[in-house]
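# Working through the structure, step by step
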Amino acid sequence: MTNNQRVVVTGIGVISPVGLTVPEAWDNVVNGRSGVRRITLFDVSDDVWRVKIAGEARGFDPLNYMSAREARRADRTAQFALAAAAEAMAQARLTVTPANADDIGVMIGCGTGGVWTYAPQHEILLTKGPQRMNPLLIPMEVVDTSGVQVGIKYGVHGPNFAVVSACATGADAIGMALETIKRGDAQVMITGGTEAAVHPLGIAGFDNLGALSRRNDSPAEASRPFDADRDGFVVSEGAAILILESLDFALGRGAEPLAEVVSYAGTSDGLHFTAPDESATQSARAVRRALEKAGIRPEEVDYINAHATSTTVGDPLEVRAYRQVFGERLPPISSTKSTTGHMLGAAGAAEAIWCVMALREALLPPTTNYQTPDPKCPVDCVPNAARSTSARVALSAAFGFGGHNTILVFRKYVAR
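Read on for an overview of the structure. (Residues numbered from 1 in each chain as written. Predicted model: local features only at pLDDT ≥ 70, side-chain atom pairs only at ≥ 80, totals over all residues. Heavy atoms only, no water.)

Turning to its location among the elements, L363 is positioned in strand β11 (residues 363-364). According to the relative accessible area criterion, L363 is partly exposed, its value standing at 23%. L363 sits 28 residues away from A391 along the chain, and the two C-alpha atoms are 8.4 Å apart. Not counting residues up to four positions away in its chain, the partners in contact with L363 are W26, V30, A358, A386, R387, S388 and T389. (Helix = DSSP H or I, 4+ residues; strand = E, 2+ residues; numbered from the N terminus. Buried < 20%, exposed > 50% of the residue type's maximum accessible area, 1.4 Å probe, protein only. Contact = heavy atoms within 4.5 Å.)

This is how it looks when you write it as structure tokens:
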């Protein structure tokens, strides 16, 4: 198999603050219904909590997707991944058999690992001693646990590994899965990202960085990418899983391609723990590199699903990167984080799904809560209402703390 081998998406699944299935989540995204609410996963009534809002996967019950024993042995991150994978596998109509198990791999990323497992176990260590800790602590809390458990669930024997690149994790996982197929190490990859950081450690940690919105009185309006009055991002949770296949393998088993994954590129700023490079040089290079690998000219790009998290620094620097590549001819650029909040390690994978859906449904999802234009962000952000489109090429962008810059290129599937 060569790098000219086409790779397609045949199944998608999601657990998110805006829905526990792709149809439900997509309906809420395109209609601008926010999933941000007051936190219920832990008590934020005390005034020490400056941030009291987040995007929770409301209504999620692991027992709807797995046995009680499986649920007990899975951190919340793995529970999300298993649930989203089930939806994606069902849509792809992918059945693992002894004949194909060696050709199917897993690449699921996670940014923070099993915080809902290791935090309480640390408390047990301090209060009750080491002998009382859960013997499954390590396999439940490491960042590869979701991919491992999905691999066990379906009995696949292809490559199974995890990538961590902060908020770019989900996108990098898809990119690595794409390259795994292109180099011939698998025919199918179950890929994406998962995160469950709506936890005291996650909320306090990001808030102490000064990264979060404190718009507690109006949660649904807190995430407002590109808007002049934005004050930070909103932590969210969930998982997004895609089934990637070589086109020949997919067609050979009668699968329906949903979209084509054309290319992937990543760069790094090499500059700071959290602050992006103000020149946007490397993020722009990631865009150029992805387009070059795809053989697509900038003017052929019809839509960009932006990383745009709603921070005062990050949003305009992302626009700066696009202007270096596209000049004055910017395509529509929307941020679906305005409805979902920031799913962290799962964000890039969820936004890849929104790109697939935009191409299939001929509909660009909006940037909601856009009320006051920011002269530093002069973009057509598809403000407040979805838009019909004839888009054929979509970019999904993900930029992570530490200077990770990741771009995925999707194309509307056309048989040829």
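What follows concerns the nonpolar core. In terms of nonpolar packing, the biggest core is built from 49 residues, with V9, I12, L242, L244, W354 and F410 touching the most fellow members. Breaking this core down by element, the ones donating at least two residues are β1 (7-15), α1 (22-30), α7 (169-182), β7 (238-246), β8 (259-268), α13 (347-361), β13 (393-400) and β14 (404-411). Counting residues per element, this core draws most heavily on α13, at eleven residues. By size, the runner-up hydrophobic cluster in this structure holds 32 residues, among which are V262, V319, Y322 and V379. (Core = buried A, V, L, I, M, F, W, Y, C linked by side-chain atoms within 4.5 Å.)

This paragraph deals with the environment of R411. Inspection of the secondary structure assignment puts R411 in strand β14. Accessibility expressed as a relative area gives 18% for R411, which makes it buried. Sequence separation between R411 and F60 is 351 residues, and the spatial gap between their C-alpha atoms is 32 Å. The contact partners of R411, leaving out residues within four places of it in the chain, are A259, E260, V262, I296, L359, R392, V393 and R416.

Right, let's get into unusual backbone geometry. Located in the positive-phi region is S310, a residue other than glycine, with phi close to 95°. Its place among the elements puts S310 in the loop between β9 (303-305) and α11 (314-326). You can call S310 buried: its relative accessible area is 0%. One non-glycine residue with positive phi stands out, namely N384, at about 65°. Note on placement: N384 falls in the loop between β11 and β12 (387-388). A relative accessible area of 43% means that N384 is categorised as partly exposed.

Strands belonging to one sheet form pairs held by backbone hydrogen bonds; the direction of such a pair is parallel or antiparallel. Taking strand neighbours across the sheet as the criterion, the ten strands line up as β5-β4-β6-β7-β1-β8-β14-β13-β9-β10 in an open arrangement whose pairing is mixed. The open sheet has two edge strands, β5 (160-161) and β10 (333-334), and neither has a second partner. The pairing of β9 with β13 spans three bridges and is classified as parallel. Bridge assignment links I304 to a residue of β13, and that residue is L395. (Pairing = 2+ DSSP bridges.)

Among the residues making up helix α8 (residues 200-208), those that are buried are G202, I203, F206 and D207. When α8 is viewed along its axis, its buried side chains cluster within an angular range of 120° and face the same direction. Across from the buried face of α8, at angles greater than 90 degrees, the exposed residues are L201 and N208. Residues of α8 that are buried make contact with β3 (53-55). (Arc of directions from axis to C-beta.)

The element β14 is extensively covered by neighbouring structure, given that seven of its eight residues are classed as buried. When β13 meets β14, the two strands line up antiparallel, connected through eight bridges. If you follow F399 over to β14, its bridge partner there is N405. Count of turn residues in the β13/β14 antiparallel hairpin: three residues, of which G402 carries a positive phi of about 100°.

An ideal rise of 1.5 Å per residue puts 21 Å on 15 residues; α13 measures up with 21 Å between its terminal C-alpha atoms. Buried residues dominate α13, accounting for 13 of its 15 residues. Immediately beyond the C-terminal end of α13, within one or two residues, lies A362, with a positive phi of roughly 55°. (Expected span 1.5 Å × (residues − 1).)

Taken as a whole and judged by the stated rule, the model has six aromatic pairs. Each ring, one from F206 and one from F401, has its centre 6.2 Å from the other, and the planes form 45°; the classification is tilted. You can see F206 sitting in helix α8 and its partner F401 sitting in the loop between β13 and β14, a full 195 residues away along the chain. With relative accessibility at 27%, the residue F401 sits in the partly exposed group. Three or more aromatic residues joined by ring pairs make a cluster, and in this case those are F60, Y65 and F80. (Phe/Tyr/Trp six-rings, centres within 6.5 Å; stacked < 30°, edge-to-face > 60°.)

Glancing now at the packing of helix α3 (residues 76-92) against helix α6 (residues 145-154). Across the interface, α3 lies against α6 with an axial gap of 9 Å and an inter-helix angle of 45°. Relative to α6, the element α3 lies oblique. Pair α3 / α6 crosses with right-handed handedness. Taking contact as the criterion, the partners of T77, A78, A81, L82, A85, A86 and M89 in α3 are, on α6, T145, S146, Q149, V150, K153 and Y154. (Axes fitted to C-alpha atoms, helices over the stretch in contact; angles between N-to-C directions. Parallel < 35°, antiparallel > 145°, perpendicular 65-115°, else oblique. Left-handed = near helix turned anticlockwise from the far one by under 90°.)

To describe two helices that pack against each other, one gives the angle between their axes and the distance between the axes. The contact between α1 and α13 brings their axes to 11 Å, and the two run at 80°. When the interaxial angle is binned, α1 and α13 end up roughly perpendicular. Of α13, the residues touching α1 (which contributes V22, A25, W26 and V29) are W354, M357, A358 and E361. Split by residue class, the contact of α1 with α13 holds seven nonpolar, no polar and one charged. (Nonpolar A, V, L, I, M, F, W, Y, C, P; charged D, E, K, R; others polar.)

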